[in-house]
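# Close look at the chain arrangement
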Amino acid sequence: MDENLPYSAEIDMYLEVGGRQIGVSSCLVNRIRITEPCDLPAGPVTFVIVVDGVARKRPFYLRHGLSKDRAEVEMDPVERSH
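What you are looking at is a predicted structure, and each value in this text was computed from that prediction instead of being measured.

## Focus: the pattern of salt bridges
- A complete count under the given rule lists six salt bridges for this structure.
- Its salt-bridge partner being Glu-74, residue Arg-63 comes within 2.8 Å of it at the nearest N-O pair. In this pair, Arg-63 is assigned in the loop between strand E5 (54-62) and strand E6 (72-77) and Glu-74 in strand E6, connecting sequence segments 11 residues apart.
- Overall, the relative accessible area of 31% leaves Arg-63 in the partly exposed class.
- Of the residues examined, Glu-74 reaches a relative accessible area of 25% and is grouped as partly exposed.
- For Arg-63, the salt bridge is made with Asp-76, and the minimal N-O distance between the two is 2.6 Å. Here Arg-63, found in the loop between E5 and E6, pairs with Asp-76, found in strand E6; they are 13 residues apart in sequence, far enough to count as distant.
- Here the residues in one salt-bridge network are Arg-31, Arg-33, Arg-63, Glu-72, Glu-74 and Asp-76, joined through shared partners.

## Digging into the packing of aromatic side chains
- Scanning the model with the defined rule gives one aromatic pair in all.
- Aromatic pair Phe-47 and Phe-60: ring centres 6.2 Å apart, planes at 90°, arrangement edge-to-face. Here Phe-60 lies in strand E5 and Phe-47 lies in strand E4 (residues 43-51), a separation of 13 residues in the sequence.
- When its relative accessible area of 10% is taken as the criterion, Phe-47 is described as buried.
- Residue class for Phe-60 comes out buried when judged on its relative accessible area of 6%.

Rules of the game
- Residues numbered from 1 in each chain as written.
- Predicted model: local features only at pLDDT ≥ 70, side-chain atom pairs only at ≥ 80, totals over all residues.
- Heavy atoms only, no water.
- Salt bridge = Lys/Arg side-chain N within 4 Å of Asp/Glu carboxyl O.
- Helix = DSSP H or I, 4+ residues; strand = E, 2+ residues; numbered from the N terminus.
- Buried < 20%, exposed > 50% of the residue type's maximum accessible area, 1.4 Å probe, protein only.
- Phe/Tyr/Trp six-rings, centres within 6.5 Å; stacked < 30°, edge-to-face > 60°.

Rendered as structure tokens:
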């Protein structure tokens, strides 16, 4: 890596649900934007963010599911049991 260039991380985001990955183009607190909107009923999903090859996963609940007609989606964090 060239020391004179600013660092830019490689970032990928997606939802994991039912063995498939659904691309996420942006996220803000409990709202995400789906890359290619699709139909999916309300239910649990895993939000995955990969930064420079390191994945972090967090469970969420899609309160209204996904729709082909709506790219922006609200989701609620799932409390982790200790």
